[in-house]
Amino acid sequence: MIIFKNISKIYPPDVTALNNINLHIKPKEFVSIVGRSGTGKTTLMKILTAEEPSTKGRVIIGGWDITDIKSTEVPILRRQIGVVFQDFKLLPKKTVFENIAFALQVSGAERKKIKEIVPQVLKIVGLINKEGRYPIQLSGGEQQRVAIARSLVHRPKILIADEPTGNLDSINTQEIVDLLLKINEFGTTVVLVTHNREVVNSINKRVVTLDNGAIISDQKVGKYIL
Amino acid sequence: MAPLYLTKKSENIYYNFMVISSLYRIFLFAWQSFWRNFWLSLVTITIIILTFISINFLVVVNITTDAAINIVKEKIDVSIYFRPDTTENQVFEVKTYLSSLTQVKDISYVSQQEALEKFRQLHREDSVIIESLEELEDNPIGATLQVKAKDMDEYPAIMEVLDNSKYNNLILDKNFDDHKTYIGKIKNLSENIKRIGLLTSGIFVFIALLIVFNTIRVAIYTHRQEVKIMKLVGATNWFIRSPFLLEAILYGIIGCVFSIIVIYPLLNIVQPYLENFFLTEEFNIVYYFNDNFWKIFGLEILIVILLNIISSSIAIRRYLKV
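Predicted model only: the values in this text are computed from it and were never measured. (Residues numbered from 1 in each chain as written. Chains lettered and ligands numbered in written order. Predicted model: local features only at pLDDT ≥ 70, side-chain atom pairs only at ≥ 80, totals over all residues.)

(A) Region of interest: the overall build of chain B. Each helix and strand counted, chain B has 11 helices and 4 strands in total. Taken along its principal axes, the extent of the C-alpha atoms in chain B is 120 × 40 × 30 Å. Burial status across chain B gives 26% buried among its 322 residues. Put simply, of all contacts in chain B between residues at least 6 apart along the chain, 85% involve residues at least 24 apart. (Helix = DSSP H or I, 4+ residues; strand = E, 2+ residues; numbered from the N terminus. Buried ≥ 20, exposed ≤ 12 C-beta atoms within 10 Å, placed from the backbone. Contact = placed C-beta atoms within 7 Å.)

Okay, here's the thing in structure tokens:
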């Protein structure tokens with residue numbers, strides 16, 4: 001599903017963020033990518049969503065070599081990859097429904113389609129009764145669930161969660177992790193980037209550990225080892 | 001395993017790209033952005049209105065001076081005064097000779113008798129002149145030819161031809177020079193007004209460009225969060241840029257509409273003064289604007305929109321790396 005082949009990322013003049021990464025993520029897999037802050041996890045995810053190009057190597061997602069992706073193709077890629085962030089990135093002046101609908105609007109979906117899809121994803125994340133609320137009226141966990149719902153509107157084959165629990169307490173964290181596992185069960189490949197030891201240890205799935213821009217361990221059923 | 005492959009083609013993503021709903025949303029986003037920074041929009045439109053007014057001031061100056069010069073030109077002719085002892089045949093000979101010149105448009109003949117009548121009319125209040133005329137046996141006033149040239153600049157050439165011809169000794173006097181200085185003065189004045197108008201318009205256009213640039217930049221800054229999210233969820237660059245471009249176009253259109261609303265009353269105020277100046281109702285600046293409405297405002301709005309697009313495109317490119 002996702003193949004990183006000899007990926008290196010060097011920020012000018014000579015800061016090496018990633019050093020010769022080789023990683024193969026299979027379809028429907030749930031992979032945690034762990035490591036200390038500044039170790040290149042987020043850079044790796046940015047290469048995956050074509051936010052940044054790699055300096056060396058090739059990236060192939062779902063059979064599509066995106067190494068030299070054209071700028072006009074980037075939106076097409078992003079509609080097929082769901083992304084969730086630590087800071088949710090919700091629009092404060094829009095309701096839950098509007099925030100989710102926004103993702104469909106900007107890619108040209110019809111009103112009818114929007115009315116159909118938004119309740120579906122709200123149901124998946126368990127917020128069907130809160131669609132009229134504003135982000136500020138929700139708990140952190142609920143906000144992140146809205147963000148996850150938004151990432152699901154395009155029915156992505158891959159979901160990337162970059163520190164999704166970074167701003168949440170342990171109860172909310174567990175809720176989000178459970179939700180990600182549920183989405184994975186539906187058949188979506190999930191890439192979870194985190195440095196939360198408890199989260200990683202509770203999942204019992206593949207763990208890839210990064211340190212200084214390189215993979216130092218890749219365990220099929222892993223634990224947090226740093 | 002087909003569903004696990006990503007597609008490069010947007011139409012294969014479970015719904016089609018809906019141009020109509022996208023256009024509607026782009027317009028909606030532009031409209032919201034316009035109102036969100038209301039005061040900034042107001043300033044932008046005001047400066048665009050000022051630009052329009054100053055450009056149209058130039059237009060008014062241009063067409064009024066053109067009209068003035070045309071009216072004066074119509075009135076210009078050269079009067080050739082013949083000696084009283086010149087015979088009618090000789091005058092006709094000169095007339096035929098002048099008619100053969102390509103520069104000449106029209107010649108009218110004023111006979112000795114008519115010239116005398118005109119002279120009497122002119123001096124009917126002056127008893128001394130009338131009395132002295134009565135005492136004279138012969139008509140002291142010669143015939144006159146009034147010559148109109150096709151172009152004002154050709155009078156000197158016609159004069160020269162006449163000076164060098166054998167008819168020179170028949171001619172008492174010619175008058176021309178006064179008109180030339182008159183036209184020269186009009187031209188000079190209009191050139192000066194145009195220069196000032198051009199400078200003012202240039203300054204306004206420049207300020208308008210800067211302000212549109214800044215407004216779009218602020219609009220992008222205000223929307224940075226939305227833009228970031230739009231990019232993440234896969235909005236096309238076209239979709240992200242368009243609302244800002246549309247906003248700039250909207251400023252041009254609204255500015256133009258308001259400037260038309262302002263300009264017409266101004267023209268109505270100016271019109272009576274122009275009538276007084278020209279002493280004719282033939283030339284009406286309001287009618288001129290009516291007749292050439294699309295030519296004047298259509299062209300202006302196209303140029304303003306084009307400039308706004310250029311200015312905002314630079315702002316978008318610099319501040320919106322999509």
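(B) Broad picture of the interface of chain A and chain B. Taken together, the contact pairs 31 residues of chain A with 26 residues of chain B. Broken down by secondary-structure element, the contributors of at least two residues to the side of chain A that touches chain B are helix H2 (74-78), helix H3 (96-105) and helix H4 (111-125) of chain A. Among the elements that make up the side of chain A that touches chain B, the one with the highest residue count is H2(A) (4 residues). In terms of residue class, the side of chain A that touches chain B is made up of 13 nonpolar, 8 polar and 10 charged. (Nonpolar A, V, L, I, M, F, W, Y, C, P; charged D, E, K, R; others polar.)

(C) View of the packing of H4(A) against helix H5 (residues 140-152) of chain A. Residues and elements named next belong to chain A. Their axes nearest at 9 Å, the elements H4 and H5 cross at an angle of 135°. One element, H4, and the other, H5, form an angle in the oblique class. Note on packing geometry: the crossing formed by H4 with H5 is right-handed. Seen from H4, the contacting residues are Val-121, Leu-122, Ile-124 and Val-125; seen from H5, they are Arg-145, Ile-148, Ala-149 and Leu-152. (Axes fitted to C-alpha atoms, helices over the stretch in contact; angles between N-to-C directions. Parallel < 35°, antiparallel > 145°, perpendicular 65-115°, else oblique. Left-handed = near helix turned anticlockwise from the far one by under 90°.)

(D) Spatial organisation of the domain arrangement of chain B. Looking at chain B, the domain boundaries give domain 1 (17-72 + 183-319) and domain 2 (77-175). If you average the C-alpha positions of domain 1 of chain B and of domain 2 of chain B, the two centres end up 55 Å apart. (Domains from an automatic or database assignment.)

(E) Examining the sheet that holds strand S4 (residues 56-61) of chain A more closely. Residue and element names in this part refer to chain A. Taken in spatial order, the 4 strands line up as S2-S1-S4-S5 in an open sheet, and their pairing is antiparallel. The open sheet is flanked by strand S2 (15-25) and strand S5 (64-65), the only strands paired with a single partner. With 7 bridges joining them, strand S1 (residues 2-11) and S2 adopt antiparallel strand pairing. Among the inter-strand pairings, Tyr-11 is bridged to a residue of S2, identified as Val-15. (Pairing = 2+ DSSP bridges.)

(F) Looking closely at the sheet that holds strand S3 (residues 30-34) of chain A. Residue and element names in this part refer to chain A. Spatially, S6-S7-S8-S3-S9-S10 is the arrangement adopted by the 6 strands of the open sheet, whose pairing is mixed. The open sheet terminates on both sides in strands that have one partner only, identified here as strand S6 (81-85) and strand S10 (214-219). Strand-to-strand twist in this sheet, taken as the mean axis angle between neighbours without regard to direction, amounts to 15°. Strand direction decides the pairing type here: S3 and strand S9 (residues 206-211), joined by 4 bridges, are parallel. Bridging across to S9, Ile-33 finds its partner in Val-208. Each of S3, strand S7 (158-162), strand S8 (189-194) and S9 is contacted by helix H1 (residues 41-48), which is oriented at about 150° to S7, the strand it contacts most.

(G) Looking closely at the packing of H3(A) against H4(A). Residues and elements named next belong to chain A. Contact pair H3 / H4: the axes reach a minimum separation of 10 Å and the direction vectors enclose 125°. The angle between the axes of H3 and H4 places the two elements in the oblique class. Note on packing geometry: the crossing formed by H3 with H4 is right-handed. Residues Phe-97, Ile-100, Ala-101, Leu-104 and Gln-105 of H3 touch H4, and the partners they reach there are Lys-113, Ile-114, Ile-117, Val-118 and Val-121. Along the lines of polarity and charge, the residues of the contact of H3 with H4 split into 8 nonpolar, 1 polar and 1 charged.

(H) Structural view of unusual backbone geometry. Residue and element names in this part refer to chain A. Residues Pro-12 and Pro-13 are joined by a peptide bond in cis, for which omega reads 0°. Mapped onto the elements of the fold, Pro-13 is located in the loop between S1 and S2. You will see that Lys-89, though not glycine, has its phi angle at about 55°, which is positive. Of note in this structure, Glu-163 is not a glycine but carries a positive phi near 50°.

(I) The arrangement of the environment of A:Ile100 in detail. All names here are of chain A. Checked against the element boundaries, Ile-100 lands in helix H3. Sequence spacing of Ile-100 and Val-118 is 18 residues, and the spatial spacing of their C-alpha atoms is 6.5 Å. The residues contacting Ile-100, other than those within four sequence positions of it, are Val-118, Val-121, Val-146, Ala-149, Arg-150 and Val-153.

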